[in-house]
Each structure stands twice: as C-alpha cells, then as structure tokens.
Amino acid sequence: MWRPPERIRWKSDAGRWPTADQAAASRLFAALDAGPMRLAARTWVPAMVPWRATEDGAVTPEVLAWYERFARGRPAALVVEATGIRDVPSGPLLRIGHDRFIPGLAELVKRVRAASGGETRLLIQLIDFLAIRRRPPPETFFRRYLAITDRHRKALGVATDDEARERLLALDDNALETVLDARELESLRTGYRERVTDTHLPHVRDLPKVLPELFGRAARRAETAGFDGVELHFAHAYTMASFLSALNDRSDGFGGSRAERARLPLQAYDVVRSMISNRFAVGCRFLAEDCIEGGSTVDDAAYYAERFAAAGMDFLSLSRGGKFEDAKQPAIGEAAYPYTGPSGYECMPQFISDTRGPFGRNLEPAARIRAAVRAAGFATPIVVSGGIHGFAQAEAVLTDGQADIVGFARQALADPDWFRKVRLGRGSEIRVCEYTNYCEALDQKHAQVTCKLWDRQSLDEPGLLKSKDGKRRLVAPAWEP
Ligand SMILES: Cc1cc2nc3c(=O)[nH]c(=O)nc-3n(C[C@H](O)[C@H](O)[C@H](O)COP(=O)(O)O)c2cc1C
Ligand code: SF4
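To keep things clear, this report deals only with the structure shown in the data block.

Analysis parameters
- Residues numbered from 1 in each chain as written.
- Chains lettered and ligands numbered in written order.
- Predicted model: local features only at pLDDT ≥ 70, side-chain atom pairs only at ≥ 80, totals over all residues.
- Helix = DSSP H or I, 4+ residues; strand = E, 2+ residues; numbered from the N terminus.
- Rg over C-alpha atoms; globule rule 2.2 N^0.38 Å.
- Buried ≥ 20, exposed ≤ 12 C-beta atoms within 10 Å, placed from the backbone.
- Near = placed C-beta within 6 Å.
- Nonpolar A, V, L, I, M, F, W, Y, C, P; charged D, E, K, R; others polar.
- Arc of directions from axis to C-beta.
- Contact = placed C-beta atoms within 7 Å.
- Pairing = 2+ DSSP bridges.

## Topic: the overall build of the chain
At step 1: When helices and strands are tallied, the chain shows 19 helices and 12 strands.
At step 2: By the compact-globule yardstick of 23 Å for 481 residues, the chain fits well, its C-alpha radius of gyration being 23 Å.
At step 3: Judged by the C-alpha coordinates and their principal axes, the chain covers about 80 × 50 × 50 Å.
At step 4: Counting every position in the chain, which comprises 481 residues, the buried fraction comes to 49%.

This is the structure:
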C-alpha cells in the first residue's frame, strides 16, 4: 500500500470513554430517521467485503457468521458488502443479480435481526463494475492480446502482423513508447482495464440503457429478502463513480458537465425508487473527492449531494479516493487494485501518515458537502467515515455539524462490540483499531478478511469457523458484559 512520504507514525487515541449515562445522553446514541428507516442511534458500519461468498456469489455459513457477529454489537445500521447486481461470474463476491440469490440473503437478514434483537437496520450495497484483466507477460501481450494495426506496421516498418509482433517483443521500454499508444502501454504494463468512456465498445456505450434496470431489479430483490434499504455504490473505482468523475468526458449526454455526469446515477436512483415500496430506504455512497489528478473535487461532490438530496435519497454516505488511475503497477499475473495508490490511501488511511494523520481526513469535505445540502433546503442525513474510533471524536463530528451519522468500518472490524460497550459504559474494554491495514492487505489478495488484533485468539474454540489454512479465526471472539 502507498503511504505518504512523511512516514509519520500515528497512534490511535480513543480518548475518554463515557459512562453509560453520558452515552445515553449523547447525540451519537440519539435516534435519527433516514427516510423510512428509523435508526436507534447515529452509528453505522460501512460496507466491507470479507471474501466469504462462494465462487458463484452465494451466501455461505461464513458470510452469515460475519454479519451476525457485527449485529451482536448492535450498530444502528450495518451495510452488507459491495454486492454484484449482474448475473455474471464475479469470483467470491456476493451477488444479487438473480432471484436465486434471494433465499441466502433472506437468511442473512434473519440472522442479523435475531442477533441484534431487531435493533440493527440492515442495508446492502449494490455495485456494478467494468472489466479488468491481469497484467500479462509481455510475450502473451504481444503475441495474443495486442491488435496490430496500420499504425504499428508503419511505425515498425514491417508488412505483416507476425513481423510486427516479433519486432515489438524485441523493443525496450523507451522504443515501445514511440510505437504503442497510451492505452496499449497501460494494457501491457498494468493489464487491460475498461473505462466508462470506451463508447466504441457496444456494452459500454449501452451502460445508460441497462444499468438503471439492473440496479432497480437488485433493489427489489433486496426488499424481497427483507433488508431495510439499499446503498447504491457510486464510490471508488467502479462504474457509477466513473460516471460521476470529472474524468468522464462521454459525449452522449452522460459525461462532460457535472449535470451530465450525474444523469445516469440519478436515472438509476429513479428506477430503483419506482421498483420498491415506500417503506424501503435508498441512498448512495459516493466520493467527497476523487483524490486523483483531474478527478472530481469537493465542489463537484457538493453539487452531486444537492442533486441526490433533491431527488429524494434517504441518506448520503461519503467516502474518498480509491481509484484505479493512481494504483500501483501490479506484478505480472496480478490485476491492478484501486486501493494501492495515494487515492487508495485517502480511502483507507493507515497509521503511517503525513502531518494530517489518518483520523478524520474526510471530515472537512463532509462538512462542506453537508452545509451545501442544508443551504439548498434538504435535511438528508450525511454519513461520514475514515479513521473514527473514539467516542469523543464521533460525538464531535455530530456536534460540530460535520455529518449526521458516524461510520466505523475498521474499528467495527477490530471490535464489533464497540457500540454496545460504549453504551454500557465499558468503553475501556474496547479493542481499538490500530489502522495497520493488515485487514486491507488480505482484502487486496481476495483472502478472507480478519483483524490482526483477534484472529489468532482461542483457535481451539469448539465449532469455530477458521480461515482456509486453519490459522485464523473468521469472527471476532465473543464478548458478554
Ligand atoms: C476489508 C475492507 C473492505 C472494504 N470493502 C468496501 C466495500 O465493499 N464497499 C465500500 O464502499 N467500502 C469498502 N471499504 C471501505 C470502508 O467502508 C471505509 O470507507 C474505509 O475503511 C474507511 O473507513 P474506516 O477508517 O472507518 O475503516 C472496505 C474497507 C476494508 C478495510
Ligand atoms: S487489522 Fe484490525 S487493527 Fe489493523 S486496521 Fe484492520 S481492523 Fe484495524
């Protein structure tokens, strides 16, 4: 993972924990409505992919145990990981692209309801993404993948494709730069990656025709399965975030100006709304800032937030960064990963940081975005996350008006009982996240995600679900007051 060059080492500091009475009187533990969804508190566990689904995207006993464990800690809202809306193979990523996924997801809902005593509201994050391939060995790229054109033959002074391929294989990096265009070089150096601006590809050109319906059907399945709502994934490196990005210069009315970039996400939202009941919450997660050169800024995000609020979204959850554009070059045989560059750092900041540190890097932009939404006359709740682990820190986010709901992703992974412990006045028993990103490194390898603070504890517990190599427990140890 990329880290700021300053390499300043920060230590988590949760500060003073409240007594049970102080917690009960706090804003953090006061109820809030997000559209039709009543939250018992302003606590939220954002989506985290734990890589526990089957290769066919189905719910497994490990998926159930993972969400059940979060639910025992009773956060007010829990968002199920990014879940694919298409019926296509996607590796061990959860899927909701067909009705056959409904029973597994319904079981997940049931387990969360039971484990939280019905207190935790459960949402599911709906994602679409474009194709990405592994970085090929140069021989494979030149012999099989590269489409040879007149441009190549001319630059190389050869007559046939075979000659061109052999010549290219013999060229060094500098010479290749004079023969290949930027996309070909990218495909060679990091692997082929589709973009929303590849409108010469029919399936990319047609995204505006197919995506709203795909999101709508997925949302309807989520409601049938019993979820309280959906979070449309408009953040990070995926399709909808790429439509919103300032880098989107499609000329078909779905790119260019801010209004055009927001058009498809808004259309998808409208179709989702038309396919679910008014008891079901719909919001989205998007970026407060792209954090890449030429990407969307906080002003763009404030505009999107106003439009999403005006359209009637029930909540807006803000993340930041997490883009492919600045990702690290992968090894041959591996695919690029959007959380490996500076924008990835902004998304999941680690304890080795710069002078700003890893705690609350998204708060200032969130405050600006929230102020814009309020100034436009909308009360839509804003969710923020990024390095939040202490009670006083979370309470200040709310009292300072930076956001309305506080997201705890890695802190909830480190200790799913954060919420219960704080409410009971037992904050001193919390396992505080150290922001090492051990969990994120596992995510990057698509390995089952666990936390280093608990995954080697009590491995001989009867019936314990363990990682494939048997060396790590898959759920946090139980806690009872
Ligand atoms: C293992 C892991 C998986 C994640 N998966 C998702 C995801 O599926 N969707 C999403 O929007 N964010 C995902 N994130 C980002 C988190 O939701 C959150 O925005 C980020 O970790 C920063 O918040 P935190 O500092 O509270 O952890 C993931 C983070 C981690 C550590
Ligand atoms: S492994 Fe645990 S302590 Fe380290 S960042 Fe992840 S959740 Fe926090």
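Past the structure itself, the notes keep going.
## Observations concerning the site of ligand 2
At step 1: Around ligand 2, a shell composed of 13 residues is seen, among which C433, T436, Y438, C439 and C451 lie nearest.
At step 2: Looking at the shell around ligand 2, the elements with two or more residues in it are α17 (410–414) and α19 (438–444).
At step 3: Per element, the largest residue contribution to the shell around ligand 2 is 3 residues, and it comes from α17.
At step 4: Taken together, the residues of the shell around ligand 2 sort by class into 8 nonpolar, 2 polar and 3 charged.

## Overview of helix α16 (residues 391–399)
At step 1: What α16 keeps buried is the set F391, A394, E395 and V397. One face of α16 carries all of its buried residues, which in axial projection span an arc of 150°.
At step 2: Tucked inside the fold, the buried residues of α16 contact α15 (363–375), β11 (382–384), β12 (405–407) and α18 (418–423).
At step 3: Residue G401 follows α16 closely and has a positive phi angle near 70°.

## Overview of the pairing of strand β8 (residues 281–287)
At step 1: Within β8, 7 of the 7 residues are buried, which leaves the element mostly enclosed by the surrounding structure.
At step 2: Of the two faces of β8, the one holding A281, G283, R285 and L287 and the one holding V282, C284 and F286 are both buried throughout.
At step 3: As defined by bridge partners, strand β7 (residues 229–234) adjoins β8 across 6 bridges and the pair is classed as parallel. In the sheet register, H233 faces β8, and the bridge partner there is R285.
At step 4: In this structure, β8 lies alongside strand β9 (residues 316–319), joined through 4 bridges in parallel fashion.

Any functional reading would require information that these geometric values do not contain.
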